[in-house]
Amino acid sequence: MSKTHIFANWKMYLGYDQSNILANQLANEFKKIPENLNIAVFANDLSLYSVGLALKEVNIGFGGQNAYWVDKGGYTGASSMVMLKEIGCQYVLIGHSERRHVFGETNHDVRQKMEAALQIGLTPVLCVGETQKERDEGKTEEAVEIQLRAALDDLKVGSETKIIIAYEPVWAIGTGNACDPNEAERMHGRVKTITTALLPDLEIPILYGGSVKAENVADYIHRENIAGALIGNASANFESFKEIINRVAV
Ligand code: PGA
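Conventions used here
- Residues numbered from 1 in each chain as written.
- Predicted model: local features only at pLDDT ≥ 70, side-chain atom pairs only at ≥ 80, totals over all residues.
- Heavy atoms only, no water.
- Helix = DSSP H or I, 4+ residues; strand = E, 2+ residues; numbered from the N terminus.
- Rg over C-alpha atoms; globule rule 2.2 N^0.38 Å.
- Buried < 20%, exposed > 50% of the residue type's maximum accessible area, 1.4 Å probe, protein only.
- Contact = heavy atoms within 4.5 Å.
- Areas by Shrake-Rupley, 256 points an atom, 1.4 Å probe, with all protein chains shown as cover.
- Lys, Arg positive; Asp, Glu negative; His and termini not counted.
- Charge placed at Lys NZ, Arg CZ, Asp CG, Glu CD.
- Near = heavy atom within 4 Å.
- Polar contact = N/O pair within 3.5 Å; in protein donor to acceptor, adjacent residues only side chain to side chain.
- Nonpolar A, V, L, I, M, F, W, Y, C, P; charged D, E, K, R; others polar.
- Axes fitted to C-alpha atoms, helices over the stretch in contact; angles between N-to-C directions.
- Parallel < 35°, antiparallel > 145°, perpendicular 65-115°, else oblique.
- Left-handed = near helix turned anticlockwise from the far one by under 90°.
- Pairing = 2+ DSSP bridges.
- Expected span 1.5 Å × (residues − 1).

Participant: Is there a simple way to explain the overall build of the chain in this structure?
Facilitator: Across its full length, the chain holds 10 helices and 8 strands. Radius of gyration (C-alpha) of the chain: 17 Å, near the 18 Å computed for a compact globule of 250 residues. Seen through its principal axes, the chain has C-alpha atoms that stretch 45 × 45 × 35 Å. For the chain, the residues scored as buried account for 54% of the 250 residues in total. Residue pairs at least 24 apart in sequence account for 73% of intrachain contacts in the chain once pairs closer than 6 positions are excluded. For the chain, the computed accessible surface area is about 11,800 Å², with 48% contributed by carbon and sulfur atoms. One way to put it: in the chain the 24 positive side-chain charges average out to a point 2 Å from where the 32 negative ones average out.

Right, dumping it as structure tokens:
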């Protein structure tokens with residue numbers, strides 16, 4: 001049976017000390033990861049190496065929240081996909097809504113990052129989702145499809161290639177206004193149809209993200225097309241992240 005992915009996006013919520021304390025608390029609490037779960041943490045670049053060391057002990061994965069597609073060079077302020085790989089990351093978030101909307105990342109950037117991540121053997125977690133305006137204008141499917149096509153169309157993949165997608169409606173992120181689970185499931189079905197047409201040989205887990213917490217996580221992960229959750233705020237606190245894991249562990 002395929003595992004449920006519980007992915008924690010700590011964003012810029014935690015500093016170095018706090019990130020390491022939380023990683024060690026998780027490692028102590030979950031010496032044995034529940035068999036039905038695949039857990040991974042996305043820490044800030046400064047904390048990623050030491051967080052990764054703590055999590056490796058217990059088989060919790062880790063990855064970067066962003067990285068540049070060029071390997072090395074004069075790119076002040078950036079870290080590359082190659083650098084994430086060098087410190088042992090398995091994953092990288094690509095095209096998170098905050099990257100797109102706060103930092104102006106384009107579909108073109110996302111595509112470059114997808115190619116660079118796959119090239120170096122990182123599993124990209126491609127984030128897509130519509131804004132409130134797009135939803136209000138009835139353009140939800142169209143907006144998501146444009147993002148998916150830009151990132152995945154004609155992408156060079158092999159039988160070993162792993163890609164994960166997170167459907168995260170922008171209006172649901174960090175707002176407490178989670179997407180209705182039936183609507184999330186409907187959109188996941190749509191995302192699945194599009195990705196299957198673009199990359200027919202790959203089995204791509206699709207995670208839901210946007211105001212997931214302990215109280216609602218089960219409403220999402222038991223749906224046919226929802227393979228797990230990408231969780232921000234509620235994953236950056238030990239008690240709440242522990243509770244989320246305990247609620248979905250079997
Ligand atoms: P949230 O963030 O859980 O705080 O809404 C989710 C995300 O941005 O990945």
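Participant: Is there a simple way to think about the site of the ligand in this case?
Facilitator: Inspection of the region around the ligand gives 13 residues, with Lys11, His96, Glu168, Gly174 and Ser211 positioned closest. In the model, an oxygen atom of the ligand is placed 2.7 Å from a nitrogen or oxygen of the Lys11 side chain. Within the backbone of Ser211, a nitrogen or oxygen atom sits 2.7 Å from an oxygen atom of the ligand. Calculation on the ligand without its partners gives an accessible area of 280 Å², and the protein chains cover 99% of this total. Each residue belonging to the shell around the ligand can be placed in one class, and the counts come to 4 nonpolar, 7 polar and 2 charged.

Participant: I keep staring at the packing of helix α5 (residues 107-120) against helix α7 (residues 140-152) and nothing clicks. Help me out?
Facilitator: In a packed pair of helices, the relevant descriptors are the angle between the two axes and the axis-to-axis distance. For the pair α5 and α7, interaxial distance at closest approach is 8 Å and the crossing angle is 40°. Judged by the angle between their axes, α5 and α7 are oblique. As for the relative orientation of α5 and α7, their crossing is right-handed in sense. Contact with α5, carried on its side by Asn107, Val110, Arg111 and Met114, involves Ile146, Gln147, Arg149, Ala150, Ala151 and Leu152 of α7 and no other residues of that element. In terms of residue class, the contact of α5 with α7 is built from 6 nonpolar, 2 polar and 2 charged.

Participant: Can you help me understand the side chain of Asn216 in this one?
Facilitator: In this fold, Asn216 is placed in the loop between β7 (206-209) and α9 (217-221). Those residues in contact with Asn216 that sit more than four places away from it in its chain are Ala178 and Ser211.

Participant: Is there a simple way to think about the sheet that holds strand β2 (residues 37-42) in this case?
Facilitator: The strands that make up a sheet are held in pairs by hydrogen bonds between backbone atoms, and each pair lies either parallel or antiparallel. Strands sit in the order β1-β2-β3-β4-β5-β6-β7-β8 around a closed barrel of 8 strands; the barrel is parallel. Averaged over all neighbouring strand pairs, the angle between strand axes comes to 25°, with direction disregarded. When strand β1 (residues 4-9) meets β2, the two strands line up parallel, connected through 6 bridges. In the strand pairing of β2, Phe7 is matched with Ala40. Sitting on the sheet, helix α10 (residues 238-248) touches β1, β2 and β8 (228-231), and the angle it makes with β2 is about 160°.

Participant: Would you take a moment to explain the environment of His96 for this structure?
Facilitator: For His96, the position within the fold is in the loop between β4 (91-94) and α4 (97-101). Those residues in contact with His96, other than ones at most four positions away along the chain, are Asn9, Lys11, Cys127, Glu168 and Ile173. At a separation of 3.4 Å, a polar atom in the side chain of His96 contacts the side chain of Glu168.

Participant: Sorry if this is basic, but what is going on with the environment of Arg223 here?
Facilitator: By the secondary structure assignment, Arg223 is in the loop between α9 and β8. C-alpha separation for the pair Arg223 and Val128, spaced 95 residues apart in sequence, amounts to 19 Å. With residues near it in sequence (within four places) discarded, Arg223 still touches Pro181, Asn182 and Glu185. Separated by 3.1 Å, the side chain of Arg223 and the backbone oxygen of Asp219 make a polar contact.

Participant: Where do I start with α5 in this structure?
Facilitator: For an α-helix, 3.6 residues make a turn, and residues three or four places apart therefore share a direction. When the terminal C-alpha atoms of α5 are compared, their 20 Å separation across 14 residues agrees well with the 20 Å that a helix rising 1.5 Å per residue should span. Those residues of α5 not exposed but buried are Asp109, Val110, Arg111, Lys113, Met114, Ala116, Ala117 and Leu118.

Participant: Hey, could you run me through the environment of Pro181 in this one?
Facilitator: Examined against the element boundaries, Pro181 turns out to sit in helix α8 (residues 181-198). By relative accessible area, which is 18% here, Pro181 ends up buried. Linking Pro181 and Arg223, residues 42 residues apart in sequence, is a C-alpha distance of 8.4 Å. Discounting residues that sit within four places of it in the chain, Pro181 has contacts with Asp219, Tyr220 and Arg223.

Participant: I'm lost on the pairing of β8 in this one. Help?
Facilitator: Taken residue by residue, a regular strand's side chains alternate between the two faces of the sheet. Along β8, one buried face is formed by Gly228 and Leu230 and the opposite face, lined by Ala229 and Ile231, is buried too. Looking at chain direction, β7 and β8 are connected through 2 bridges and run parallel. If you follow Tyr208 over to β8, its bridge partner there is Ala229.

Note that all results are geometric; they support no functional claim without further evidence.
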